[in-house]
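Structural description and commentary
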Amino acid sequence: MTAAIEFRGVARIYGEVRAVDDVSFAVEPGEFFAMLGPSGSGKTTCLRLVAGFDTPDRGQVLLDGADVSAVPPYERNVNTVFQDYALFPHMTVLENVAYGPRVRGVAKPDRQARARDMLELVQLGAQGGRRPAQLSGGQRQRVALARALINRPKVLLLDEPLGALDLKLREEMQIELKSLQKKLGITFVYVTHDQGEALSMADRVAVFSQGRIEQLAAPRELYLRPATAFVARFVGSANVADAALAQELGAPAPFAIRAENIDVLADSDAAPADRVTAAGAVVAVQFHGAASRWQVQLDAGHLWSALLPDSHRMHGLAVGSRVKLSWPRQAAVPLTPTSGGSSGS
Amino acid sequence: MRAASTFFWRRPYWYLALLLVPPLLWFGTVYLGSLLALLAQSFYRIDDFTAQIVREPTLATYAQLVTQPANVDIVLRTLGMAIAVTLACAVIALPIATYMARYASGRMKALFYVGVMLPMWTSYLVKVYAWRLLLAREGIIAWCLGKLGLGGVLDALLATPGVGGPSLSSSYIGMFLVFVYMWLPFMILPMAAALERVPGSLLQASADLGATPAQTFRNVVLPLAVPGIAAGSVFTFSLTLGDYIIPSVVGAPGYFIGMMVYVQQGTAGNIPLAAAFSVVPILLIFAYLSIARRFGAFDAL
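Looking only at helices and strands, one finds 14 helices and two strands in chain B. In terms of principal-axis extent, the alpha carbons of chain B reach across some 75 × 70 × 40 Å. Within chain B, the fraction of its 301 residues that count as buried is 32%. Here the analysis covers contacts within chain B between residues at least 6 apart in sequence; of these, 70% occur between residues at least 24 apart.

Put into structure tokens, the structure is as follows:
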């Protein structure tokens, strides 16, 4: 099967900055594909390359197997939901949604009927006559979605579409987007800096850092077996032991260990034989409801965290107390020592 | 000082009053007051035998304005010129403003803004007289066209009935060129300001949905630039309607509204007719604004 989107050694360089640096990947038709990374990691540039707002300096971008490097945005069968929604302020909601068919020459009654159907799909059937400025953030988001879907694109690009919404609405929209994608069977490419969003919605996630893909895997794989220190930290904020600390702890290579796999022992407790321990001092205890996150400054210099249930026996220990962190040896995930993980926190 | 600050901080209305009263007094008395005085004058008339102003309310002066064909000609001539100048300014300004607002950045942008405003730092009279020399029969423009072998084109242009004349500097074409040159910055700046406010993502969204650049321009850029075009056109339109220097220095001998006001209140001493003539541009601009409003020029504000 031909990939819906394929990047072959794509690079995009702005002056001295390699925004995208030799990136290759393929997105399968009908897939929910997430591009995850911090700002400036190259994920949005990749999205712009797919939409056609930017062209690669090297390599090829293929849509449905065809090189689209010379194809302008208005001739690509791809639509975008913009971060700021980019709704036309001088048009009504219905006119906004009908804009795609309008510029493609669909007759007025026909395109308005289609726009009404799209508004029904995103549960905004009654709002067609209003201006974007009269809608709430969540409603605008839905209008942007309806407008992007009306052309029946093969690929829908979503650029941090939920970034401006509050938490509750964001969670509702995540579920809605996912079910919409299943229903329509369209390939979704979803750019976000929120790892929770990427993990909960996507079939596969590409983690970007400094213009490169650090790891491309299914969410579970990404979480349980991060390939690099950067991925371990960025996806679920795991603790990372660099080469020096790993050696000190008797491990052959750098490794990551999740906060929920770490237990906190009193300084006087004996170290269990089947577990690794590291001594340090409590810096802070953050209450998160069911669990508390303990920040511990290791004697080796790293700031690690442990996620403990609120009922934990060590609860109430003063900040500054000496403790030991302990974890089962097999919970450590070995990492390939590569780029992106240079900062030793 | 501190006590005064606290006083105003606790009483925002006093603070507002302090800010607004002086300019409102100025605006109210000097500006609106003189405008009303002018309006009042236009309802007086001049006694034809004594040349004295008769201070009794009458519509005789307005009757004279609208019934004498010469006066109607002056109004129509000025209005036609104002419309032509406004259209030309809009057409020339649009690409320049688009470049300034959407494409230029950094030094280039600063250079363009300074370049557009620079002519306004020069004396208005100097520019008008400079243009008269440029447009003269033996002037540099005629000379350049002659050297390029386009002298015939110029002659054909000047032979056009109604707008032509013996030379550019003594034809309506020349006057039109000078007007366009003079008021162009007043069109470019508000237009560029309106275009700057259009987010780039709107243009991308339009292209993304399948619109060609021409469609994007027509459906998105132009409607959002219309308030700026409307603001600029009010400048070019009203400045042309009221100007009396350009028509008296450059162009054909026909009178314009501004010249008529100047002549009537000066040499002729007919203050009521001068006042009636100066009410005409005000009415025309009101008419223009209400037409623009009807076409939705201010909907995006």
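Along the backbone of chain A there are ten helices and 18 strands. Principal-axis analysis of the C-alpha atoms places the extent of chain A at approximately 80 × 45 × 35 Å. By residue count, 42% of the 345 residues in chain A fall in the buried class. For chain A, contacts bridging at least 24 residues in sequence account for 63% of all contacts bridging at least 6.

All right, on to the nonpolar core then. Counting 158 residues, the largest nonpolar core has V50(A), V189(A) and M191(B) as its most contacted members. Broken down by element, the residue count for this core peaks at 19 residues, all from helix 9 (residues 172–196) of chain B. A domain split of this core shows at least three residues from each of domain 1 (5–231) and domain 2 (240–334) of chain A. Filtering out sequence-adjacent residues up to four positions away, V189(A) remains in contact with I5(A), V27(A), F33(A), M35(A), L47(A), V50(A), V155(A), L157(A) and L158(A).

Next up on the list: the pairing of strand 16 (residues 303–309) of chain A. Relative to strand 16 of chain A, strand 15 (residues 291–298) of chain A is paired through seven bridges, and the arrangement is antiparallel. If you follow V296(A) over to strand 16 of chain A, its bridge partner there is W304(A).

Here we come to the sheet that holds strand 9 (residues 204–209) of chain A. All names here are of chain A. Strand order across the open sheet formed by six strands is 6-7-8-3-9-10, with mixed pairing between neighbours. Of all the strands in the sheet, just strand 6 (78–81) and strand 10 (212–217) have a single pairing partner and so form its edges. On average, each strand axis in the sheet is inclined to that of its neighbour by 20°, with strand direction left out of account. One ladder, built from five bridges, connects strand 7 (residues 155–159) with strand 8 (residues 187–192); its direction is parallel. In the strand pairing of strand 8, V155 is matched with T187.

Residues and elements named next belong to chain A. With 97% of its residues at a pLDDT of 70 or more, chain A has an overall mean of 89. Per-residue pLDDT, averaged within each element of chain A, yields its smallest value for helix 10 (residues 243–248) (85) and its largest for strand 3 (residues 32–36) (96). Across residues 339–345, where pLDDT falls below 50, the model places 16 contacts with residues more than four positions away in sequence or in other chains.

If you check the domain split of chain A, you get domain 1 (5–231) and domain 2 (240–334). Between domain 1 of chain A and domain 2 of chain A, the C-alpha centre-to-centre distance is 39 Å.

Residues and elements named next belong to chain B. In the contact formed by helix 7 (residues 140–147) and helix 8 (residues 151–158), the axes pass within 7 Å of each other and the chain directions differ by 130°. Here helix 8 runs oblique to helix 7, going by the angle between their axes. For the pair helix 7 and helix 8, contact is made by A142, L145 and G146 and by G151, V153 and L154, respectively. Looking at the contact of helix 7 with helix 8, its residues break down into four nonpolar, two polar and no charged.

Between chain B and chain A, the contact holds 18 residues from the first and 18 residues from the second. Mapped onto the side of chain B that touches chain A, the elements with two or more residues apiece are helix 10 (200–208) and helix 11 (213–242) of chain B. Of the residues forming the side of chain B that touches chain A, the biggest block, six residues, is contributed by helix 10 of chain B. Across the side of chain B that touches chain A, the residue classes break down as ten nonpolar, six polar and two charged.

The next point concerns the pairing of strand 10 of chain A. Residue and element names in this part refer to chain A. In this structure, strand 9 lies alongside strand 10, joined through five bridges in antiparallel fashion. Paired with F208 across the bridge in strand 10 is I213. Linkage of strand 9 to strand 10, two consecutive antiparallel strands, is achieved through a turn of two residues, within which Q210 is found at a positive phi near 50°.

Further remarks concern the sheet that holds strand 11 (residues 239–241) of chain A. In a beta sheet, neighbouring strands are held together by backbone hydrogen bonds and run either parallel or antiparallel to one another. Residue and element names in this part refer to chain A. The strand order across the open sheet built from three strands is 11-12-18, with neighbouring strands paired in antiparallel fashion. The outermost strands of the open sheet, each flanked by one partner alone, are strand 11 and strand 18 (333–334). Note: strand 11 against strand 12 (residues 255–257), three bridges, orientation antiparallel. Each bridged residue has a counterpart across the sheet, and for V240 the counterpart in strand 12 is A256.

Helical periodicity: at 3.6 residues per turn, an α-helix aligns residues three or four positions apart in one direction. All names here are of chain B. Between its terminal C-alpha atoms helix 9 stretches 35 Å, which fits the 36 Å expected from 25 residues at 1.5 Å a residue. The sharpest bend along helix 9 comes to roughly 45°, located at W183, with the proline P185 sitting one to four residues further on. Counting buried residues along helix 9, 22 of its 25 residues qualify, which places the element largely inside the surrounding structure.

Another point: unusual backbone geometry. All names here are of chain A. The backbone of D22 sits at a positive phi, close to 55°, despite the residue not being glycine. With 15 C-beta atoms packed within 10 Å, D22 lands in the partly exposed category. The phi dihedral of Y85 falls on the positive side, at around 70°, and the residue is not glycine. Within the element layout of this structure, Y85 appears in the loop between strand 6 and helix 2 (93–97). Among the residues examined, Y85 registers 23 C-beta atoms within 10 Å and is labelled buried.

What follows covers the environment of W9(B). By secondary structure assignment, the location of W9(B) is in helix 1 (residues 2–10). The spacing of W9(B) and A231(B) is 222 residues in sequence and 36 Å in space, taken between C-alpha atoms.

All names here are of chain B. Relative to each other, helix 13 (residues 257–265) and helix 14 (residues 271–294) sit at 160°, their axes nearing to 8 Å. Comparing the axis directions of helix 13 and helix 14 gives the class roughly antiparallel. Pair helix 13 / helix 14 crosses with left-handed handedness. Residues I257, M260, V261, Q264 and Q265 of helix 13 pack against I271, L273, A274, F277, S278, V280 and P281 of helix 14. Class assignment of the residues belonging to the contact of helix 13 with helix 14 gives a composition of nine nonpolar, three polar and no charged.

Attention now moves to the confidence of the model for chain B. Residues shown with low pLDDT carry predicted positions that ought not to be read at fine detail. Per-residue pLDDT for chain B has a mean of 88; in total, 98% of the residues score no lower than 70. Overall fold confidence (pTM) sits at 0.79, and the ipTM for the predicted complex is 0.84.

Reading guide: rules and limits
- Residues numbered from 1 in each chain as written.
- Chains lettered and ligands numbered in written order.
- Predicted model: local features only at pLDDT ≥ 70, side-chain atom pairs only at ≥ 80, totals over all residues.
- Helix = DSSP H or I, 4+ residues; strand = E, 2+ residues; numbered from the N terminus.
- Buried ≥ 20, exposed ≤ 12 C-beta atoms within 10 Å, placed from the backbone.
- Contact = placed C-beta atoms within 7 Å.
- Core = buried A, V, L, I, M, F, W, Y, C linked by C-beta atoms within 7 Å.
- Domains from an automatic or database assignment.
- Pairing = 2+ DSSP bridges.
- Axes fitted to C-alpha atoms, helices over the stretch in contact; angles between N-to-C directions.
- pLDDT = per-residue confidence, 0-100.
- Parallel < 35°, antiparallel > 145°, perpendicular 65-115°, else oblique.
- Nonpolar A, V, L, I, M, F, W, Y, C, P; charged D, E, K, R; others polar.
- Expected span 1.5 Å × (residues − 1).
- Bend = angle between axes of the 7 residues up to and from the residue.
- Left-handed = near helix turned anticlockwise from the far one by under 90°.

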